[in-house]
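Chains, contacts and geometry: an overview
So the chains spell out like this:
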Amino acid sequence: MKTSVKGRNFMHINDFTREELMLILETTRELKLESQRGLFPRYLEHKALGLIFDQPSTRTRISFELGIQQLGGYALYLKPGEIHLGKKESIYDTAKVLSRYLDGIMIRWNNRKEMQALADAAEVPVINGMTEDNHPCQALADVYTMMERFGSLEGKKVLFFGDRTQPAHSLAMLCSILGIDYVQCAPKPYHILSEWSEPILENCRRSGASFTQTDDIEKATRGAHMVYTDVWWWIGQEHEVEERRKAFWPYRVTEDLLAACDKDVIFEHCLPATRGLEVTDEVMDGPHSAIFDQAENRIHTEKAVMVLTMSP
Ligand code: CP
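Because the structure is a prediction, the values reported are computed rather than measured.

1. So, the pairing of strand β9 (residues 266-269)
The alternating pattern of β9 places Ile266 and Glu268 on one face and Phe267 and His269 on the opposite face, and all of these are buried. Of the pairings in the sheet, the one linking strand β8 (residues 226-229) to β9 comprises 4 bridges and is parallel in character. Note on β9: the bridge partner recorded for Val227 is Phe267.

2. Overview of the packing of helix α1 (residues 18-36) against helix α12 (residues 291-310)
With their axes 8 Å apart at the nearest point, α1 and α12 run at an angle of 115 degrees to one another. Crossing hand, α1 versus α12: right-handed. Residues Leu23, Ile24, Thr27, Thr28, Leu31, Lys32 and Ser35 of α1 lie in contact with α12, whose contacting residues are Glu296, Asn297, His300, Thr301, Lys303, Ala304, Val305, Val307 and Leu308. Of the residues assigned to the contact of α1 with α12, the class counts are 7 nonpolar, 6 polar and 3 charged.

3. Quick look at the packing of aromatic side chains
With the rule as written, the count across this model stands at 7 aromatic pairs. On the basis of an interplanar angle of 50 degrees and a centroid distance of 4.5 Å, the ring pair of Tyr190 and Phe248 is categorised as tilted. Pair noted here: Tyr190 is in the loop between β6 (181-185) and α7 (194-207) and Phe248 is in helix α9 (residues 241-248), with a separation of 58 residues, a long-range link. When its relative accessible area of 9% is taken as the criterion, Tyr190 is described as buried. A relative accessible area of 0% means that Phe248 is categorised as buried.

4. Focus on the site of the ligand
For the ligand, the full set of nearby residues is Ser57, Thr58, Arg59, Thr60, Arg108, His135, Gln138, Cys270, Leu271 and Arg298. When the ligand sits alone it has 250 Å² of accessible area, and the protein chains cover 92% of it. For the shell around the ligand, a count of residues per class yields 2 nonpolar, 5 polar and 3 charged. For the shell around the ligand, the two domains that each supply at least three residues are domain 1 (1-12 + 37-132) and domain 2 (136-294).

5. Some words on the sheet that holds strand β4 (residues 126-128)
Hydrogen bonds between backbone atoms are what pair the strands of a sheet, whose relative direction is either parallel or antiparallel. Reading across from one edge, β2-β1-β3-β4 is the order of the 4 strands in this open sheet, with parallel pairing throughout. Lying at the two open borders of the sheet, with one neighbouring strand each, are β2 (74-78) and β4. With strand direction ignored, the average angle separating the axes of adjacent strands in the sheet is 20 degrees. Pairing between strand β3 (residues 104-108) and β4: 3 bridges, direction parallel. The partner of Ile105 across the bridge, within β4, is Val126.

6. Description of the environment of Ala95
Relative to the elements of secondary structure, Ala95 occurs in helix α3 (residues 91-101). Considered as a pair, Ala95 and Ala117 are 22 residues apart in the sequence and their alpha carbons are 8.7 Å apart. Apart from the residues lying within four places of it in its own chain, the contact partners of Ala95 are Leu118, Ala121 and Ala122.

7. Remarks on the sheet that holds strand β7 (residues 211-214)
Ordered by their spatial adjacency, 5 strands build an open sheet running β7-β6-β5-β8-β9, and the pairing between neighbours is parallel. Strands with a single pairing partner mark the edges of an open sheet, and in this sheet they are β7 and β9. Averaged over all neighbouring strand pairs, the angle between strand axes comes to 20 degrees, with direction disregarded. Across 4 bridges, the pairing between strand β5 (residues 157-161) and β8 is parallel. Bridge pairing in β8 links Val158 to Met226. Lying over the sheet, α12 contacts β8 and β9, oriented at roughly 50 degrees with respect to β9.

Conventions we followed
- Every chain begins its residue count from 1, and numbering advances along the sequence as written.
- Note on the predicted model: pLDDT of at least 70 is required for a residue's local features to be given, and 80 or more for side-chain atom pairs to be given and counted; whole-chain, interface and lining totals, by contrast, use all residues.
- For the side-chain quantities, the full set of heavy atoms in the structure was used; hydrogens and water were omitted.
- Partly exposed residues are those whose accessible area sits between 20% and 50% of the maximum for their type, while under 20% is buried and over 50% is exposed, using a 1.4 Å probe and protein chains only.
- Here a helix means four or more residues in a row that DSSP labels H or I, a strand means two or more in a row labelled E, and each is numbered from the N terminus.
- Strands qualify as paired when DSSP identifies two bridges or more between them.
- The convention used is that axes are lines fitted to C-alpha atoms, helices contributing only their stretch in contact, and that angles between N-to-C directions extend from 0 to 180 degrees.
- Left-handed describes a crossing whose near helix is turned anticlockwise from the far helix by less than a right angle; the clockwise case is right-handed.
- Contacts between residues were defined by any pair of non-hydrogen atoms, one from each residue, lying within 4.5 Å.
- Think of it as three bins: nonpolar holds Ala, Val, Leu, Ile, Met, Phe, Trp, Tyr, Cys and Pro, charged holds Asp, Glu, Lys and Arg, and polar takes everything else, Gly as well.
- Within 6.5 Å between ring centres, the rings of Phe, Tyr and Trp (the latter by its six-membered ring) count as paired, and their orientation is classed by plane angle as stacked under 30 degrees, edge-to-face over 60, tilted in between.
- By convention in this text, a residue qualifies as near a molecule or strand provided that one of its non-hydrogen atoms is within 4 Å of it.
- Under the convention used here, a 1.4 Å probe and the Shrake-Rupley method define accessible areas, while residue burial counts only the protein chains that appear.
- An automatic or database domain assignment supplies the start and end points of every domain.

Rendered as structure tokens:
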């Protein structure tokens with residue numbers, strides 16, 4: 001398969017054009033249809049993918065591990081602390097050695113600079129399975145789930161409640177490239193910072209999308225087609241739990257909040273969720289919820305990324 005994505009790393013949404021991102025999403029649709037018909041063409045026969053994690057994972061690990069196997073390849077799961085990477089061996093040396101064994105590397109690493117150093121030295125595609133500030137694979141599944149539910153992304157508005165988490169950064173970036181309006185609704189201290197908002201706004205100028213941040217829930221919900229939320233604290237923020245719980249409580253996603261949005265609104269969450277905090281059980285299990293389709297779509301979007309980047 002010859003594409004402009006072939007042989008490239010998948011590190012950051014903003015490394016790709018609208019056309020390249022749409023190619024990944026369209027390839028996702030084809031792969032999902034094939035798998036629903038029980039067809040699993042061996043697009044990556046005998047290709048080996050290394051899966052490096054410095055944190056636990058359910059969706060990312062399973063979708064990549066199973067995904068490469070469905071494509072005819074092999075997965076090596078390298079769990080936290082299992083290989084030398086920056087300790088006892090330089091990132092550069094590890095990248096060079098892994099490139100002699102593997103055809104691709106998927107890495108979840110809580111240090112974007114170190115992940116980039118690995119990608120710069122590697123001679124095979126490196127796929128970002130989440131850093132401390134972005135989660136590009138998640139954003140693909142988030143938007144693909146919208147495509148599936150709505151048929152088209154035209155005129156759609158995404159509303160993200162809560163903290164500027166990794167999925168928020170990557171989803172806002174993807175929306176800004178694809179022309180989807182995006183609203184971040186949270187108390188001001190938790191708004192997306194300029195390192196991310198400036199390139200997002202630059203993309204919006206080209207795509208015609210809007211990117212806004214507000215703490216006004218009533219204004220934000222008007223006409224929203226997709227409501228998203230994420231956990232209120234993350235690794236290293238445990239000492240802020242009480243202040244975050246208080247700040248985000250008015251922004252938790254409830255059925256009343258969804259009732260103020262577009263009548264066909266869907267609810268998404270990257271998962272894992274803290275039921276009863278950022279979102280109620282009624283919303284998680286209710287008629288607007290797309291969370292389990294979204295989780296399933298991780299395997300289809302990630303297979304598309306692997307096929308397009310790793311194909312011979
Ligand atoms: N959403 C997500 O990346 O889930 P995992 O942490 O389970 O991989």
